[in-house]
Amino acid sequence: MKDQHLSLGRLQERHSRELFQDDGLQTVTSAEQKKVEESISKAIHAHLEDHKMTRPMLLREQHIAYLTEGLQHLSDVYETLDASRPWLCFWLLHSLDLLNHPLSPDLSSDVCKFISRCQNPTGGFAGGPGQQAHLAPTYAAVNALCVIGTQEAYDVIDREKLLGFLYSLRQGDGSFQMHEGGEVDVRSIYCAASVASLTNIITPDLFEGTCDWVVRCQSWEGGLGGLSGLEAHGGYTFCGLAALVILKGQHRLNMRSLLRWACGRQMRMEGGFQGRCNKLVDGCYSFWQAGILHLIQQTLIQEGDPAVGVGGWMFEQRALQEFLLLCCQCPTGGLLDKPDKLGDFYHTCYCLSGLSIAQHFSCVSPPLDLIIGGAHNTLAETHPVYNVAPQKVDRALGYFRALSRSGRPHSSSTRPAL
């Protein structure tokens, strides 16, 4: 493991040359970009004044306190997320897992019981008890249960009804609705492929035509849009590529074009990623875009591409870590979009997930680690497809495969096995 104590890249003379140049023609977006760069510079210099040293530190204890409090009590600020409660569970649980902070058995059991109440009687999970089943909270619920990783957690999932729910949303062209009568886009395909693969309920025809549908979403830019013909976007690109990896169809994309687009999303001055061309940096894209680049590099290595190295990721790992540690941490706990924004559980989860990818180059064995600021900052690894710890993905896959082979019921009900 490389323990990087060298001076910050953000302080080197060449860094000032990366400031945005509007060529004397100011626009709304150029003015906003300059404001962000000023806030980045202020955050870096404030760190130096406060700490009298250049080593950025992960505020581990503060983040753990913030997250554990959130698992047990939420302020009324979060009432707008009443239809996203399994998401809150996943963001909190996965963040604590990345920070290597174990949950007590009682708290894990309480979360399992709550998520069980979100399961719809006809299959899938809703955003809260008594609400309509929806693919997004279904993905979040399954991921949260896999993070917990106990038999109680696994047995919450009624796999037969989950499969029926997925079939009810499947469209004739291979796409999926997000919910009954709902929208269709790349997110729904990723959510469906993720939960079906983790719980081992993929059937020969469930995803027939799905890879064709996703490949058509690759735009002229190289990234993927939510639908065919739309602008390339980091979140949709991750969902499309990760779904294709699950379904073994990633080789059908123009990978070089995708690589060029993804590499271009890392901001030169800030070090973090933007979601689309001509947009501002946002901490959450530290995972969505770094995850894309992880999957691209993995694919190119599998194809034997001689131009692809195995010494690190195809993005500036050091710059991303510095951005997250210096500009995206709230002193009282939690991570945020960018300086001058408020922290929240969503950004905490995806900033930490991106930081984990930037620290661990896992395309070789053993992984090559690059930890900025010292070993104290080390996070656990996360899986680039599911965004759950790799060992917990393996445990879930092993459990549900064994369950199918044994002929045991696939939920705590008496339903027959698949």
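Computed from a predicted structure; not experimentally measured. (Residues numbered from 1 in each chain as written. Predicted model: local features only at pLDDT ≥ 70, side-chain atom pairs only at ≥ 80, totals over all residues. Heavy atoms only, no water.)

A few words on the nonpolar core. Formed by 128 residues in total, the largest nonpolar core has its most connected members in F90 and I296. Among the elements that line this core, the one with the most residues is helix α5 (residues 135-148), at eleven residues. (Core = buried A, V, L, I, M, F, W, Y, C linked by side-chain atoms within 4.5 Å. Buried < 20%, exposed > 50% of the residue type's maximum accessible area, 1.4 Å probe, protein only. Helix = DSSP H or I, 4+ residues; strand = E, 2+ residues; numbered from the N terminus.)

Right, let's get into unusual backbone geometry. Looking along the chain, the bond that leaves S365 and enters P366 is cis, with omega of -5°. A positive phi angle, near 60°, is found at K248, a position not held by glycine. Look at N278: it is not a glycine, yet its phi comes out positive at around 65°. Looking at the secondary structure, you find N278 in the loop between α11 (255-263) and α12 (285-302).

As a further point, take the packing of aromatic side chains. For the structure on display, the rule yields 21 aromatic pairs. Centre to centre, the rings of Y139 and Y190 are 5.2 Å apart; their planes meet at 55°, and the pair counts as tilted. With Y139 in helix α5 and Y190 in helix α8 (residues 186-198), this residue pair connects regions lying 51 residues apart in the sequence. Judged by its relative accessible area of 2%, Y190 is buried. (Phe/Tyr/Trp six-rings, centres within 6.5 Å; stacked < 30°, edge-to-face > 60°.)

Locating R260 in the fold gives a position in helix α11. Judged by its relative accessible area of 57%, R260 is exposed.

The end-to-end C-alpha distance of α12, which contains 18 residues, comes to 25 Å, matching closely the 26 Å that a straight helix rising 1.5 Å per residue would cover. The buried fraction of α12 amounts to 15 of the 18 residues, a majority that puts the element mostly inside the structure. G304 occupies a position one or two residues after α12 and carries a positive phi of about 75°. (Expected span 1.5 Å × (residues − 1).)

A word on the pattern of salt bridges. Enumeration according to the criterion identifies twelve salt bridges in this entry. Put simply, R268 and E18 hold a salt bridge, and the shortest N to O gap is 2.7 Å. In this pair, R268 sits in the loop between α11 and α12 while E18 sits in the loop between β1 (2-4) and α1 (28-51), placing the two residues 250 residues apart along the sequence. On the accessibility criterion, R268 (61% relative accessible area) is exposed. The class for E18 is partly exposed, based on a relative accessible area of 25%. For the salt bridge of R256 with D305, the shortest nitrogen-to-oxygen distance reads 2.6 Å. Placement of R256 in helix α11 and of D305 in the loop between α12 and α13 (317-327) is noted, with a sequence separation of 49 residues between them. Taking relative accessible area as the criterion, D305 reaches 17% and is therefore assigned buried. A network of salt bridges, in which partner residues are shared, links E183, D185 and R187. (Salt bridge = Lys/Arg side-chain N within 4 Å of Asp/Glu carboxyl O.)

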